[in-house]
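Topology and contacts: notes
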Amino acid sequence: MQPSDTARPQSVDKLTDKETSHVTQVSAHDAHSLLGAAGYGTFLLDLGSGQLRWSKGAASLPGMPGTGLPQDRQGLQGFGYGKDSLPLRSFLDRAENRQLPERAGSVFFLQNQANGPECSFELRLIALGQQANEASAARVIGSMRNVTTRRAPSARVDLIDDTSTRIREDRNRLYETLAAAIARQQMEGQLVSYLVIGLDNLDQLNEAYGYNAADEAIETIGSRIVDCLRRDDAIGRLGGSMYGAILKHESADDLSKIAHRIQASIRRDVIETASGPFAGTVSIGVVTLRDAQMPVQEILEAGEDALSAARARGADSVSFHNEDTEQKARRRRNIAVAADIVAAIEENRLCLAYQPVVVSDGSRRVSFHECLVRMIDRDGSILAAGHFMPVAESLGLVRMIDRKVLALAFETLERAPHARLSVNVSPLSANDYRWREIFIQHAAERRDLTERLILEITETAAIEDRIEITSFIDEMHAYGCAIAIDDFGAGYTSFRNIRDLRVDMVKIDGSFVRNILESSDNQIFVRALQAIAKNFDMMTVAEFVETAEEASFLHAMGIDCLQGYHLGKPTIDPAWLN
């Protein structure tokens, strides 16, 4: 008896469309199940419609923010913040415009704080081309998982587990270890020091091989450091490419030998990664604890200060921390100013001063006003930005200030429907998801507000982070904002930069405007810049114009607008606003 046709197994190429679909669904289900078991949530993003479809159960994976999962492309782009936020947007833009090869992939690490404590997420994306039977744009498949415990933020210490060394679990345990070491040296007279060891050329490694190779190299470096230490020493990863170590030693000379032995172990052999070999060096900052009366937190900070001093000398250097009376006083002042900044933000004591930028034709007609931040002291006095902004920038508080300035600028634009304003955006804020939330909220409700807003970015920031800043500029242009390069000429000046960044305005640094009547060099630079900017249809603004003669001279050179005390001082209560 012959077996029936229905009993015979069919080859895949003879399966019906319905059967093929069933096989595909089963395979996809299996894949999702396997990835889910590994802690991943998977999704498909259609770049044409912006629709994002998640695998079943993704929202319930460990550590996932539940209802906070993005539901479309915009949500995915705004899901996290951090260094990889803008490269993620760039990847999606290039995928949509067919600028990526089929199956091109990338990995991004983002932070998210929408539903409680800050978490780190690993996002893996692969670009897919358009299918033959579809008219939609390219698609992206991806996966996301919580890697907070694997890739802890800089506030934590990821510690190496090595049987030959007493390794602590996190920064809190490092506090305990330091405190115990100080107590022990006071009782026993044992010399103890704290070292911060940092890879010198991390940026080159990332650029050559990518972040995965960098992680491999940093782990190898950690292992080599461990080999140089003794059983009673402790070491922990401080985040990024830095390690902290607490060492016993016999003398300053002994400590110096240990530091140089660590450096020699890193230099001795090439570091092998899956992507290729890498020759690295480390610089080391040293804090001796014998006579230290600093709190543990200050010891940790002093170690990073010493590392910065070592790197300032050049790669593969060692620097011993030596905090004198002036440094201690400066540290105390910084702490006090930082506390004032936070209190002023919480108590709504930051305000704006508006300085006019006028057309250069002598009419004094205002083109726009630049928003300059001021702090209202508790006694009612007004403090200029120079009193607190340097501390804010050095301590990472500038993002909080930029958010407040942006919110205040939008309030002013709402109150004054004919006003046009500019605000400064620091590199940190350009990559700050909270700053973007404030911006997007107002942009969604009132497009006319963003069309009257100019965002000023310093030239140095624009050149150092060109890829990220270019993506930021493109996004802001999409909302109708104009972009200005501030302090042009003070950094890595190149006329090509103006073209590549596609800005709308260049503000010439005041150092080239001061003494322009007497300096032929300044005149040559300003004329060249004006000609280039005009060729690219960009507005030019000269800053720090102090005299009528300078104003007339700059107008004759073709400069569009002028800014300076001669044309108007900043004021927090201008008549046009009332």
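Reading the values: the criteria
The written sequence of each chain sets the order in which its residues are numbered from 1. Per-residue local features of the predicted model are confined to residues with pLDDT of at least 70, and side-chain atom pairs are confined, for both listing and counting, to 80 or more; whole-chain, interface and lining totals are unaffected and use all residues. Processing note: side-chain calculations cover all non-hydrogen atoms of the structure and skip hydrogens and water entirely. Here a salt bridge means any side-chain nitrogen of Lys or Arg lying within 4 Å of a carboxyl oxygen belonging to Asp or Glu. Helix and strand definitions follow DSSP, with helices as H or I runs of at least four residues and strands as E runs of at least two, each counted in order from the N terminus. Classification of residues uses two cut-offs on accessible area relative to the type maximum, computed with a 1.4 Å probe and protein chains only: under 20% is buried, over 50% is exposed, and between them is partly exposed. Throughout, a residue-residue contact means that at least one pair of heavy atoms, one from each residue, lies within 4.5 Å. Any pair of N or O atoms that falls within 3.5 Å is considered a polar contact. Within protein, one atom must be able to donate a hydrogen and the other to accept it, and sequence-neighbouring residues count only if both atoms are side-chain atoms. Under the convention used throughout, the expected extent of a helix is 1.5 Å for every residue step, that is, one less than its residue count. pLDDT expresses how confident the predictor is about each individual residue, on a scale running from 0 to 100. We treat two strands as partners when DSSP finds at least two bridges between them. Here Asp and Glu are counted as negative and Lys and Arg as positive; His is not counted, and neither are the chain ends. Classification of ring pairs uses Phe, Tyr and Trp, with its six-membered ring standing for Trp, and accepts pairs whose centres are within 6.5 Å; under 30 degrees between planes counts as stacked, over 60 as edge-to-face, and the remaining range as tilted. Remark: a charge is flagged as sitting over a ring if the NZ atom of Lys or the CZ atom of Arg is within 6 Å of the ring centre and within 35 degrees of the ring normal.

**Digging into the pattern of salt bridges**
Using the criterion set out here, one finds 17 salt bridges in the structure. Linking Asp432 and Arg403 is a salt bridge whose minimum nitrogen-to-oxygen distance equals 2.7 Å. Placement of Asp432 in the loop between helix H12 (427-430) and helix H13 (433-445) and of Arg403 in helix H11 (residues 398-415) is noted, with a sequence separation of 29 residues between them. Here Asp432 falls in the buried class, since its relative accessible area comes to 1%. On the basis of relative accessibility, which here comes to 16%, the residue Arg403 falls in the buried class. Put simply, Glu370, Glu456, Lys507 and Glu543 are held in one network by salt bridges that share partners.

**Section: the environment of Trp576**
Within the element layout of this structure, Trp576 appears in the segment after strand E21 (561-562). Remark: the alpha-carbon pair of Trp576 and His418, spanning 158 residues in sequence, is separated by 9.5 Å. Filtering out sequence-adjacent residues up to four positions away, Trp576 remains in contact with Tyr354, His369, Thr412, Ala416, Ala419 and Leu421. At 3.2 Å, the side chain of Trp576 forms a polar contact with the side chain of His369.

**Some thoughts on H11**
End to end, H11 covers 26 Å across 18 residues, agreeing with the expected 26 Å (1.5 Å per residue, within 8%). Within H11, burial applies to Val398, Ile401, Asp402, Arg403, Lys404, Val405, Leu406, Leu408, Ala409, Phe410, Thr412 and Leu413.

**Describing the confidence of the model for the protein**
Here the protein shows a mean pLDDT of 78. Residues at 70 or above account for 76%. In the predicted structure, residues 1-28 sits below a pLDDT of 50 and forms 5 contacts with residues beyond four places in sequence or in another chain. Residue range residues 150-170 is modelled with pLDDT below 50. Its contacts to residues more than four positions away, or to other chains, number 58 contacts.

**Comments concerning the pairing of strand E5 (residues 139-146)**
Burial runs high along E5: 7 of the 8 residues are buried. The sheet contact formed by strand E1 (residues 41-46) and E5 spans 6 bridges and is antiparallel. Pairing of Gly41 across the sheet is with Met144, part of E5.

**Side note on the pairing of strand E11 (residues 282-288)**
Looking down a regular strand, the side chains alternate between one sheet face and the other. Within E11, 6 of the 7 residues are buried, which leaves it mostly tucked inside the rest of the structure. With 3 bridges connecting them, E11 and strand E12 (residues 318-320) associate as parallel partners. Its bridge partner lying in E12, Ile284 is registered against Val318.

**Focus: the side chain of Lys404**
Turning to its location among the elements, Lys404 is positioned in helix H11. Here Lys404 occupies a buried position and makes no salt bridge, while the nearest side chain of opposite charge, Glu411, is found at 5.7 Å. Beyond its immediate chain neighbours, meaning those up to four positions away, Lys404 contacts Asn348 and Leu350.

**Digging into the packing of aromatic side chains**
Per the stated rule, a full pass over the model turns up 7 aromatic pairs. Between Tyr354 and Trp576, the aromatic rings sit 5.3 Å apart at their centres with planes inclined by 75 degrees, giving edge-to-face as the arrangement. Residue Tyr354 is found in strand E13 (residues 350-359), and its partner Trp576 is found in the segment after E21; the two are separated by 222 residues along the sequence. Owing to a relative accessible area of 5%, Tyr354 belongs among the buried residues under this scheme. Considering the side-chain rings of Phe410 and Phe439, the 6.1 Å spacing of their centres and the 55 degrees angle between planes classify their relative orientation as tilted. Here Phe410 is found in helix H11, whereas its partner Phe439 is found in helix H13, with 29 residues between them in sequence. Following the ring pairs from residue to residue traces out a cluster consisting of Phe410, Trp435, Phe439, Phe472 and Tyr479. Positioned above the aromatic ring of Phe544, the side-chain terminus of Arg514 is 4.5 Å from the ring centre.

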